[in-house]
Each structure stands twice: as structure tokens, then as C-alpha cells.
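# Coordinate inspection notes
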Amino acid sequence: MDNSISMEKIVSLAKRRGFVFQSSEIYGGQAGAWDYGPMGVELKNHIARFWWKEMTQLHDDIVGLDAAILMHPRVWEASGHVENFTDPLVDCKKCKQRFRADQIDPDKLARKECPECGGELTDTRKFNLMFKTNIGPVDDGSGLIYLRPETAQGIYVNYKNIVQSNRMKIPFGIAQIGKAFRNEIVTKNFIFRTCEFEQMEMQYFVKPGEDEKFFDYWREQRWAYYAKLGVRMDKLRWHRHGPDELAHYAKDAYDIEYEFPMGFKELEGVHNRTNFDLNRHQEFSGKDLQYIDQDDGNARYIPFIIETSAGLTRQLLMVLCDAYEEQKVADKGTDDDWRTVLHFHPTLAPITVAVLPLMKKDGLAELAKDIRAELKEDFSADYDQGGAIGRRYRRQDEVGTPFCVTIDYQSKEDGTVTVRDRDTMLQERIARAGLSEYLRARIKAYKRV
Ligand code: GAP
């Protein structure tokens, strides 16, 4: 059996076990959009919570924000997105397919030859990635509004509000998680690149001249985050942007890349955005956006900004790929020799603990339900009594449940239960009374095997 990881296997498991479904599937699907099922929404919420805790709770100088998706259209003129947020596109005159010019063979592009059908390509033109819509009752262009292509701008336009309302002193950060939209032309590779996605961004405001120091600091912090997340660090690497890759706002930028089944690809970016954005908002809005530094003789300046920008939905794909394993667990020559297991960090797993009665009869089911009711106050706890116990373990392995608590006849007699570990499949018998504490300690001590 081929136990290598492929995107097809990830997509298939994601659908089969309720992580991710194609949007509007019964109508043939909507390209660039995906729906998160019962397991997927839990996993996504747990990743978001993990990031939020890391960035706000564990950093005293960072506060949160939840800005609107719809913003004044001048925001996007000031930010440079109206002018610069473009992809170079070509169309095939014969097969009508559209391609990103920078992603096709340069020789074919020079010959204007379609990479699919050999037909003639149009000249390259700039295509803006922002979705436009209309606000208000009249659709005559006067109500033009964009769906935000990044969450960052909501932070910049609120920076003064937050300095004033929360008495923030430089250096400080503002964190935000929310939807972003881009009219991406190439949306293959499942949820890697989509038109609707979620970002987890943090903008850190610093004194001019201190930007490089904090840029290095945030690169270190973001690398350390992935170690805490329990992913395989040898699958990550840094990529520094060359001059032709830098976004219009960036002085320096590094991506953290992950080795997905389709190769190393960007996971998150750490950007030195200088004072570009705030300068432009000051210019376009006419409002004074200078910071008054009381710790430096009331010096006035436009802060520099270090940005850490991660995709939540892309991180979910990374976590799924990283956790996925097809493991040989027996040698009987049947399909049952193999199990598919997701090695999620227990904090991220959609279900933390499943309670399984060995039998439905003799009061074992009642006892198991009672234990589950107790556990669900503290953990996301599942109950499953259907089928052979081995099959039930496999079902939990496939959605990455780190602990299975089994209730057997001995449980009735002496008040003990067995806890099966997802990764080692080893079982330990412990007193029911200490179960919650035991699980909490195991979650805290978790290390990826
Ligand atoms: N505010 C800066 C910014 O948006 P970016 O490199 O364009 O920078 C940051 O995007 C992150 O957002 C990426 O590293 C990626 O994780 C995620 N992202 C960007 N475009 C995406 C898309 N079309 N689909 C899914 N995630 C995307």
C-alpha cells in the first residue's frame, strides 16, 4: 500500500469525516470557496483560539480588534491596493482559459502560446484582485465598495482610537482575525488559495529606527509559535522576498514556508511595512495620525509597522497535512492492517476525548454517558457506542481524537477506566475520579511523536 501523503487523500478524508466540503456542491460547486463541516469548524476555531492566546494573552502589549469587512473605498486608494494589488493575466483566444502570466512557461508566454491548447494568448494585462460590490439602493457606481483583501487596513484606520481609548504606548500591537477576499484566478490545491479566506494578522507599532530590531524579534516569535503548535519543524523554512517579490508597502519581508504535498509554499508572512500605510492614510484622510511619545519629550512621529500575517484557513490545511499519517499497525494481510491517524496537538483536535462503553448492556452505556457528561464541562467530549471497539478507535483516530476513555466491567466494580493514547495506542488504567486532572496534565505535557 502507498502510504505517502497526497492532496487527494487529504481532500477525501476532509470530506468523508466532515472537515471541509466544496461550497454549493449540489450545484456543481463554487470555485474558490469551501465550507467547514462539524470537525473543520472546531479545528478552525481551535487554531484561531491558539493564535489569539499566543498573540494577545501571552503578549502584554497586544490588544485585539474586530473591524468591519466593508470599509470606506478611499481606504483602498490610500493603501495602494486600487493601483497595485494586481496579478498579470493572459487569456487564450481559443480555449478561453485565463492564466497568471508569471506562472506559465516564459518561452510559451514570449510566443503567446496557450499552455493548455496551443492557441493564441492575449497581451498581458493587470487584473485587480479586489472584489467590488455596491452599497446603497442605487447601482450607478456611486456606491462602489470593496470586500477587504487583507484585515490589516482595519487596524491602521483604528490605530489612533486604540491609542486613545486604551492608553497604549509604543511599542504595542493590535491583533485581528477575520475574513478577507481576493479574486484569485488560480484556486487549485483545495483550501490553499481561495477567494474567501480568513487571516490572523497582528500589526506592531514601533518608533522609527527600531523597526529592524522588532522585525527580527517577530520573526523569532512566529517561528517559535509553530513549535508550540506541535507541527514538524523540519517541514518549515524561511524565504526572504527578493526585490521583485516585495509588496508595494514592504521594505523587507520573510515568509515562513511549509512543505505541503505540492511542495514548499507560503504559510505566513512577516513584513516590515515601514510608515507607508499610516503616512498614506494621513495624506488621504487629512487627519493627523502622528503618535505623541510622552516617554520621549512629546516627540511626534508616524510609527513604523511590523506585520505578522497568517492565513487561518491555510494554517488549517497545514495542520491537516502535518497531522496525517497512514500507519501499519498489524500484519494480517487485510485492510485492517492500516489505520489513518491525525496527530493533532490535543489543544487543536476537534474532539479531545471520546468515551466508549465496551458493551451497551449491563449498565456500561449508562456509566459511560455519565462520565461523558462530566467531562464535557471541561473538554470537547464525544460518546460512541456503535460497533466493535477497534472500529470505534479507528474512527476517532481518523479525526485526531487524542484520548479514548473505555468503560468496561472492571470500571463498574472498582471505578477505574482505561485511557487509550491516539499516537502510541497504549492504554493506561486510571481512577475515574482523577480523569479530568489526568487529561489536563497529558495535554500540557504533549509532545509530537
Ligand atoms: N496583510 C498582508 C497580507 O495580506 P499576504 O502575503 O498577501 O499579506 C498573508 O497574505 C497570508 O494570508 C498568506 O501568508 C496566506 O497564509 C494568507 N492568504 C493570502 N491569500 C490567500 C488566499 N487567496 N487563500 C488563502 N489564504 C491566503
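Structure first, text after, so check above.
All figures in this text were calculated on a predicted structure; none of them were measured in a lab.

Thresholds applied
- Residues numbered from 1 in each chain as written.
- Predicted model: local features only at pLDDT ≥ 70, side-chain atom pairs only at ≥ 80, totals over all residues.
- Heavy atoms only, no water.
- Helix = DSSP H or I, 4+ residues; strand = E, 2+ residues; numbered from the N terminus.
- Pairing = 2+ DSSP bridges.
- Axes fitted to C-alpha atoms, helices over the stretch in contact; angles between N-to-C directions.
- Near = heavy atom within 4 Å.
- Polar contact = N/O pair within 3.5 Å; in protein donor to acceptor, adjacent residues only side chain to side chain.
- Areas by Shrake-Rupley, 256 points an atom, 1.4 Å probe, with all protein chains shown as cover.
- Nonpolar A, V, L, I, M, F, W, Y, C, P; charged D, E, K, R; others polar.
- Parallel < 35°, antiparallel > 145°, perpendicular 65-115°, else oblique.
- Left-handed = near helix turned anticlockwise from the far one by under 90°.
- Contact = heavy atoms within 4.5 Å.
- Core = buried A, V, L, I, M, F, W, Y, C linked by side-chain atoms within 4.5 Å.
- Buried < 20%, exposed > 50% of the residue type's maximum accessible area, 1.4 Å probe, protein only.
- Arc of directions from axis to C-beta.
- Phe/Tyr/Trp six-rings, centres within 6.5 Å; stacked < 30°, edge-to-face > 60°.
- Lys NZ or Arg CZ within 6 Å of the ring centre and 35° of its normal.
- Patch = residues over 30% accessible without salt bridge, like charges linked within 9 Å, V, L, I, M, F, W, Y side chains within 5 Å.
- Salt bridge = Lys/Arg side-chain N within 4 Å of Asp/Glu carboxyl O.

### Description of unusual backbone geometry
The omega torsion of the bond from I170 to P171 falls at 5°, within 30 degrees of zero and hence cis. Positionally, P171 belongs in the loop between α7 (159–166) and β9 (172–181). Unusually for a residue other than glycine, R167 sits at a positive phi of about 50°. You can see R167 is positioned in the loop between α7 and β9.

### Examining the sheet that holds strand β5 (residues 98–100)
Here three strands make up an open sheet; going across it, the order is β5-β4-β6 and the pairing antiparallel. Unpaired on one side and paired on the other, β5 and β6 (125–128) mark the two borders of the sheet. On average, adjacent strands in this sheet sit at an angle of 50° to one another, irrespective of strand direction.

### Things to note about the site of the ligand
Not every one of the 19 residues close to the ligand is listed here, only the nearest: E150, R182, E201, E266 and E307. Within the backbone of G311, an N or O atom sits 3.0 Å from an oxygen atom of the ligand. Across the complex, the protein chains shield 93% of the 550 Å² of accessible surface that the ligand would expose by itself. For the shell around the ligand, the secondary structure elements donating two or more residues are β10 (196–206), β13 (263–274) and β16 (304–311). In terms of residues, the shell around the ligand owes the most to one element, β13, which gives five residues. Split by residue class, the shell around the ligand holds four nonpolar, five polar and 10 charged.

### Let's talk about the packing of helix α2 (residues 38–57) against helix α8 (residues 211–228)
Remark: α2 packs on α8, axes separated minimally by 12 Å, with the N-to-C direction vectors making an angle of 140°. Here α8 runs oblique to α2, going by the angle between their axes. Note on packing geometry: the crossing formed by α2 with α8 is right-handed. On the side of α2, the interface is formed by I47, F50, W51, E54 and M55, while α8 contributes W218, Q221, R222, Y225 and K228.

### Observations concerning the nonpolar core
Of all hydrophobic cores here, the largest spans 54 residues; its most connected members are F19 and Y226. Those elements giving two or more residues to this core turn out to be α1 (7–16), α2, β10, α8, β12 (252–260), β13, β16 and α10 (312–323). Here this core takes eight residues from α10, the largest share from any one element. If you look at the next biggest cluster of nonpolar residues, it comprises 21 residues, including I371, F403, I407 and I443.

### Things to note about α7
Turning to α7, its buried residues are Y159, I162 and V163. Each buried residue of α7 lies within a common arc of 100° when the element is viewed along its axis, so the set occupies one face. Counted as exposed and oriented over 90 degrees from the buried face of α7: Q164 and S165. Looking at the buried positions of α7, the neighbouring elements they touch are β3 (62–64), α6 (152–156), β9, β10, α9 (276–285) and β14 (291–293). Of the residues one or two after α7, R167 is the one with positive phi, at around 50°.

### Re α1
Each α-helix winds once per 3.6 residues, and so residues spaced three or four apart point in a common direction. What α1 keeps buried is the set M7, K9, I10, L13 and A14. With its buried residues spanning 160° around the axis, α1 presents them on a single face. The positive-phi residue at the C-terminal boundary of α1 is G18, with phi of around 80°.

### Some points on the sheet that holds strand β21 (residues 403–407)
Taken in spatial order, the five strands of this open sheet run β20-β19-β21-β22-β23, and their pairing is mixed. The open sheet has two free edges, formed respectively by β20 (381–383) and β23 (427–431), since each of these has just one partner strand. Neighbour-to-neighbour, the strand axes of this sheet turn through a mean angle of 25°, independent of strand direction. Where strand β19 (residues 353–357) meets β20, three bridges bridge the pair, whose relative direction is parallel. Paired with V353 across the bridge in β20 is A381. Most of the contacts of helix α11 (residues 364–375) go to β19, to which it runs at about 165°, and overall it touches β19, β20, β21 and β22 (416–421).

### Examining the packing of aromatic side chains
Enumeration according to the criterion identifies 17 aromatic pairs in this entry. Measuring from ring centre to ring centre gives 5.0 Å for F172 and F205, while their planes differ by 15°; the resulting arrangement is stacked. With F172 in strand β9 and F205 in strand β10, this pair connects stretches of sequence that are 33 residues apart. Taken individually, F172 and F205 each receive the classification buried, so the pair is uniform in this respect. Members of the aromatic cluster, each reached through a chain of ring pairs, are Y204, F214, Y217 and W218. The side chain of K44 reaches across the aromatic face of Y36, ending 5.1 Å from its centre. Over the face of the ring belonging to Y254 we find R219, whose NZ or CZ atom lies 3.6 Å from the ring centre.

### Topic: a nonpolar patch on the surface
Together, L358, M359 and Y409 make up an exposed nonpolar region whose accessible area comes to about 230 Å². Turning to its location among the elements, Y409 is positioned in helix α13 (residues 409–414). Residue classification places Y409 among the partly exposed residues on the basis of a relative accessible area of 32%.

### Remarks on the environment of G18
When you line up the elements, G18 lands in the loop between α1 and β1 (20–22). On the accessibility criterion, G18 (9% relative accessible area) is buried. The spatial distance from the C-alpha of G18 to the C-alpha of D35 is 9.7 Å, given a sequence separation of 17 residues. Not counting chain neighbours up to four residues away, the residues in contact with G18 comprise G37, P38, M39 and G40.

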